[in-house]
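Report on the structure
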Amino acid sequence: MTTIAIVGAGTGLGSAVARRFGREGFDVALVSRTKEHVDALATDLGGEGVSARGFAADVTDPAALAAALEAAASDLGPVEVLQYSPIPHRDFMKPVLETSPADIEGPLAFSVVGPMTAVRQVLPGMRSLGRGTLLFINGGTAVQPQPERAGTSIAFAAESAYAHMLHDALAGDRIHAAQLIIPGAITPGHPRKDPAVLADTLWGMHQDRTEFRRYAEPLDA
């Protein structure tokens, strides 16, 4: 079996996706800024029978992110599924009239340069496998901009455009790019936004391989 790399792995959605794909036989590469964090998460998952390993990288450091994904493929096997789902920093969410050109550099590095770096790193392995899935996770501001959250509204929209272009450009290579929009917060116990429910949704998107975008729940008008 091959590998799923979860960029932005944490104890919520990341670990739920690791369990879901791990049950299907995938090895799991957990990528986050802090090695101790992902190592502890990998240990917990290992106790549940999931083959997981942690790799440290800040998504705003392209060289570190590429190196982490290269190490993951070397240690665990080619990355067949990439999930890009780090949680944005709070300081990305200033009101639009208070957001300067300098303020947008961080969100764009996080939500555009980061995923582009990750995709370029894993694409050769996917092509060698003859298949692959790229999963992009975004909040509702990706499709419904909010003036009080200008940084993520701008950067998520750019990430969405990039992901949608990949969906069209890579279809002939049997590489499926898809986006899951999660309005509001991921909420344990919620019928649609519980981490395990979302992990099932992402597994279904990997299996279905047709539509570009799904919504965890409808956006408010």
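Just so it is clear, the structure is predicted and the values come from calculations on it, not from any experiment.

Looking only at helices and strands, one finds 6 helices and 7 strands in the protein. Shown N-terminal to C-terminal, the secondary structure of the protein runs as helices and strands in the order β-α-β-α-β-α-β-α-β-α-β-α-β. For the protein, whose C-alpha radius of gyration is 16 Å, the value lies close to the compact-globule estimate of 17 Å for 221 residues. Judged by the C-alpha coordinates and their principal axes, the protein covers about 50 × 40 × 40 Å. In the protein, which comprises 221 residues, the share counted as buried stands at 49%. When the accessible surface of the protein is totalled, it reaches about 9,900 Å², and 53% of it is carbon and sulfur. Across the protein, the mean location of the 18 positive side-chain charges is 4 Å away from that of the 25 negative side-chain charges.

Before going further, it helps to spend a moment on the side chain of histidine 206. Examined against the element boundaries, histidine 206 turns out to sit in helix H6 (residues 195-208). Once residues lying within four places of it in the same chain are set aside, the contact partners of histidine 206 are Phe21, Phe26, Glu80, Val81 and Thr133.

This part covers the packing of helix H1 (residues 13-23) against H6. Helix-helix packing is described using two parameters, namely the angle between the two axes and the distance between the axes. Two elements in contact, H1 and H6, have axes whose closest approach is 8 Å; the angle formed by their N-to-C orientations is 50°. Judged by the angle between their axes, H1 and H6 are oblique. For H1 against H6, the interelement crossing comes out right-handed. For the pair formed by H1 and H6, the contact residues are Leu13, Ala16, Val17, Arg20, Phe21 and Arg23 on the first element and Pro195, Ala196, Leu198, Ala199, Asp200, Leu202, Trp203 and His206 on the second. Its residues assigned to classes, the contact of H1 with H6 comprises 10 nonpolar, 1 polar and 3 charged.

Here we come to the nonpolar core. A general trend in soluble globular proteins is that nonpolar side chains are found buried together. In terms of nonpolar packing, the biggest core is built from 31 residues, with Leu69, Leu82, Leu134 and Phe136 touching the most fellow members. Looking at this core, the elements that each hand over two or more residues are strand E1 (3-7), strand E2 (27-32), helix H3 (62-76), strand E4 (79-84), helix H4 (105-129), strand E5 (132-139), helix H5 (150-170) and strand E6 (175-182). Considering each element in turn, this core owes the most residues, 6 residues, to H4.

A few words on the pairing of E1. On any regular strand, side chains alternate: one points to one face of the sheet, the next to the other face. The element E1 is largely enclosed, with a buried count of 5 among its 5 residues. A two-sided burial pattern is seen for E1, the buried positions comprising Thr3, Ala5 and Val7 on one face and Ile4 and Ile6 on the other. Strand direction decides the pairing type here: E1 and E2, joined by 5 bridges, are parallel. For isoleucine 6, the partnering residue across the bridge sits in E2 and is leucine 30. A crossover connection joins E1 to the parallel E2 through H1; in handedness this β-α-β unit is right-handed.

Moving on, we come to the environment of threonine 43. Inspection of the secondary structure puts threonine 43 in helix H2 (residues 35-47). In the structure, threonine 43 is positioned 11 residues away from glycine 54 in sequence and 9.1 Å away in space, judged by C-alpha atoms.

Now for the packing of H3 against H4. Running from N to C, H3 and H4 cross one another at 35°; their axes reach a closest spacing of 9 Å. Here H3 runs over H4; the crossing is right-handed. Residues Pro62, Leu65, Ala66, Leu69 and Glu70 of H3 pack against Val113, Gly114, Thr117, Ala118, Gln121 and Val122 of H4. A class-by-class count of the residues in the contact of H3 with H4 yields 7 nonpolar, 3 polar and 1 charged.

Tracing the sequence through the fold places serine 32 in strand E2. For serine 32, a relative accessible area of 17% translates into the label buried. Excluding residues within four positions of it along the chain, serine 32 makes contact with Ala9, His37, Val38, Phe55, Ala56 and Ala57.

Attention now goes to the packing of aromatic side chains. Here the structure, examined in full by the defined rule, presents 5 aromatic pairs. On the numbers, 5.5 Å between centres and 75° between planes, the contact of phenylalanine 21 with phenylalanine 26 is edge-to-face. Relative accessible area serves as the criterion here: at 0%, phenylalanine 21 is assigned to the buried category. With 6.4 Å between their ring centres and 85° between their planes, phenylalanine 136 and tyrosine 162 make a pair best called edge-to-face. Of this pair, phenylalanine 136 sits in strand E5 while tyrosine 162 sits in helix H5, and the two are 26 residues apart along the sequence. Pair check on accessibility: phenylalanine 136 and tyrosine 162 agree, each one buried. Put simply, the rings of Phe21, Phe26 and Trp203 pair up and form one aromatic cluster.

So, how was this worked out
Residues numbered from 1 in each chain as written. Predicted model: local features only at pLDDT ≥ 70, side-chain atom pairs only at ≥ 80, totals over all residues. Heavy atoms only, no water. Helix = DSSP H or I, 4+ residues; strand = E, 2+ residues; numbered from the N terminus. Rg over C-alpha atoms; globule rule 2.2 N^0.38 Å. Buried < 20%, exposed > 50% of the residue type's maximum accessible area, 1.4 Å probe, protein only. Areas by Shrake-Rupley, 256 points an atom, 1.4 Å probe, with all protein chains shown as cover. Lys, Arg positive; Asp, Glu negative; His and termini not counted. Charge placed at Lys NZ, Arg CZ, Asp CG, Glu CD. Contact = heavy atoms within 4.5 Å. Axes fitted to C-alpha atoms, helices over the stretch in contact; angles between N-to-C directions. Parallel < 35°, antiparallel > 145°, perpendicular 65-115°, else oblique. Left-handed = near helix turned anticlockwise from the far one by under 90°. Nonpolar A, V, L, I, M, F, W, Y, C, P; charged D, E, K, R; others polar. Core = buried A, V, L, I, M, F, W, Y, C linked by side-chain atoms within 4.5 Å. Pairing = 2+ DSSP bridges. Right-handed = clockwise from strand over helix to strand, strands pointing away. Phe/Tyr/Trp six-rings, centres within 6.5 Å; stacked < 30°, edge-to-face > 60°.

So, to be careful, I would describe these as geometric facts and stop short of saying anything about function.
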